[in-house]
Amino acid sequence: VGTTDKSIRSVRFQPVNNHRIALGLQNGEVQLWDLLSKQSEPLFTFSDNRADRVLGLEFTPDSRYLFSGHGSGLILQWDLATEPSGEAIAKPIRSKQLSPPSAIYSLATVGREQNTLAIAGQYNDLKLWNWQSDELLTLNYRSGNQDDYITSLATAEDRPYLIATGDNQGAISLWNLQPCLTGTEPCELLDFWQDGHETQPIRAVALNADGCSLATSGDDGKLKLWSLGSNYQRQPQSLDGAVVKK
């Protein structure tokens, strides 16, 4: 379609009109591209701070909003509703700064109300942000230092309270968010294991639509598939996962 002279740090397909993609760039820009267009330039380019890397992106399921997560620990919400003018995305409509600041590596919308964003990144930080009430909830993930970070988040399309994470210490986890999003109980850690990729960093995790299968990849060079039971834990016969490619 086109090229950019800046490093691309994040890519997301737009759920509605999914011939479009969003790119997050090293220079703090977010770009929207039309894959069906013959144009060599993005549809829109917008930025709040060109010194703040865009490390994570996430659309809401209706494609109304786009969130960008930055190296400074800032999350920005962009309103895409006024296309084709693009006026509403000249500036973010909402922001949230993590404190203490920690780089954000992955974002995912969670819950049935579609008003909560899961945020993962540096210091093994895992949080839930309800952007409508501006409430921020920290999940009880294991603590880490500045060199420890959650690299990837995944959700299941038909199971909005289920998330999977992978971190650069080699750990994989599965969570049930329903207790903390719909009530006052803590979020439930369903499964956690550190030896899925020989304790090498996990680079990507993905859940299928019904949450019954988890795919992971790591620095050991393997792509693995994990079969999950009705409780969304690893099946006894799948504790070591199945190697799809190495």
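See the structure shown above.
Here, residues in each chain are numbered from 1, in the same order as that chain's written sequence. Since the coordinates come from a predicted model, pLDDT governs what is reported: local features require at least 70, and pairs of side-chain atoms require 80 or more to be given and counted, while whole-chain, interface and lining totals use all residues. Side-chain numbers come from the whole structure's heavy atoms, not from hydrogens or water.

Draft legend 1. Quick look at the overall build of the protein. Counting its secondary structure elements, the protein contains 1 helix and 20 strands. For this measure, only C-alpha atoms enter the radius of gyration; the expected value for a globule follows 2.2 Å times N^0.38, where N is the number of residues. Against the 2.2 N^0.38 benchmark of 18 Å for 246 residues, the protein shows a C-alpha radius of gyration of 18 Å, consistent with a compact globule. Each principal axis of the C-alpha distribution contributes one length, and for the protein these read about 55 × 40 × 35 Å. Each of the 246 residues in the protein was classed as buried or not, and the buried ones make up 51%. Intrachain contacts of the protein at a sequence separation of at least 6 include 42% that bridge at least 24 residues. With residues, only the protein chains shown are counted as cover, and all accessible areas are computed by Shrake-Rupley using a 1.4 Å probe. Total accessible area on the protein stands at roughly 11,800 Å², and carbon and sulfur atoms take up 44% of it. By the counting scheme adopted, Arg and Lys are positive, Glu and Asp are negative, and His together with the chain ends is not counted. By convention, the charge on Lys lies at NZ, on Arg at CZ, on Asp at CG and on Glu at CD. Where the 21 positive side-chain charges of the protein centre and where its 29 negative ones centre are 4 Å apart. Each helix is a run of H or I in the DSSP string that is no shorter than four residues. Each strand is a run of E no shorter than two, and both are numbered from the N terminus. Per-residue accessibility, obtained with a 1.4 Å probe over protein chains only, is compared with the maximum for each type, and a residue is labelled buried under 20%, exposed over 50%, and partly exposed between these values. Note on definitions: a residue-residue contact is assigned when non-hydrogen atoms from the two residues lie within 4.5 Å.

Draft legend 2. Fine view of the sheet that holds strand β20 (residues 242-245). For two strands to be treated as a pair, DSSP must find at least two bridges joining them. Strand order in the open sheet made by the 4 strands is β17-β18-β19-β20, with antiparallel pairing throughout. The two strands at the open ends of the sheet, each matched to only one other strand, are β17 (202-207) and β20. Sheet twist, expressed as the mean angle between neighbouring strand axes with direction ignored, is 25°. Note on definitions: angles span 0 to 180 degrees between N-to-C directions of axes, and those axes are lines fitted to C-alpha atoms, for helices only across the stretch in contact.

Draft legend 3. Region of the structure containing a nonpolar patch on the surface. A cluster of nonpolar residues, L223, L225 and V244, forms a patch on the protein surface that exposes about 240 Å² of accessible area. The exposure class assigned to V244 is exposed, which follows from its relative accessible area of 54%. Patch rule: a residue counts if its relative accessible area is over 30% and it has no salt bridge; like charges are joined within 9 Å, and nonpolar side chains (Val, Leu, Ile, Met, Phe, Trp, Tyr) within 5 Å. Criterion for a salt bridge: a side-chain nitrogen of Lys or Arg within 4 Å of a carboxyl oxygen of Asp or Glu.

Draft legend 4. Broad picture of the sheet that holds strand β7 (residues 74-79). Sheet architecture is open: 4 strands sit in the order β5-β6-β7-β8, paired in antiparallel fashion. Both edges of this open sheet fall to β5 (54-59) and β8 (94-97), since each of them pairs with a single strand only. Strand-to-strand twist in this sheet, taken as the mean axis angle between neighbours without regard to direction, amounts to 15°. Alignment of β7 against β8, held across 4 bridges, turns out to be antiparallel. Counted as the bridge partner of L74 is Q97 from β8.

Draft legend 5. Local environment of the nonpolar core. Within the largest apolar cluster, 16 residues are counted, with the highest numbers of intra-cluster contacts made by L126, L128, L139, L153, W175, L177 and C187. Sorting the residues of this core by element identifies β9 (104-110), β10 (116-121), β11 (125-130) and β13 (150-156) as the ones contributing at least two each. With 15 residues, the next largest nonpolar core counts I202, L214, W226 and L228 among its residues. In plain words, nonpolar cores are sets of buried Ala, Val, Leu, Ile, Met, Phe, Trp, Tyr and Cys residues tied together by side-chain atoms within 4.5 Å.

Draft legend 6. Quick peek at the pattern of salt bridges. Applying the stated criterion across every chain yields a total of 9 salt bridges. The salt bridge involving K96 is made with D134; its shortest N-O contact spans 3.2 Å. Remark: D134 occurs in the loop between β11 and β12 (135-138) and K96 occurs in strand β8; sequence separation between them is 38 residues. By relative accessible area, which is 41% here, D134 ends up partly exposed.

From the geometry alone we can't say anything about function, so treat these as descriptive.
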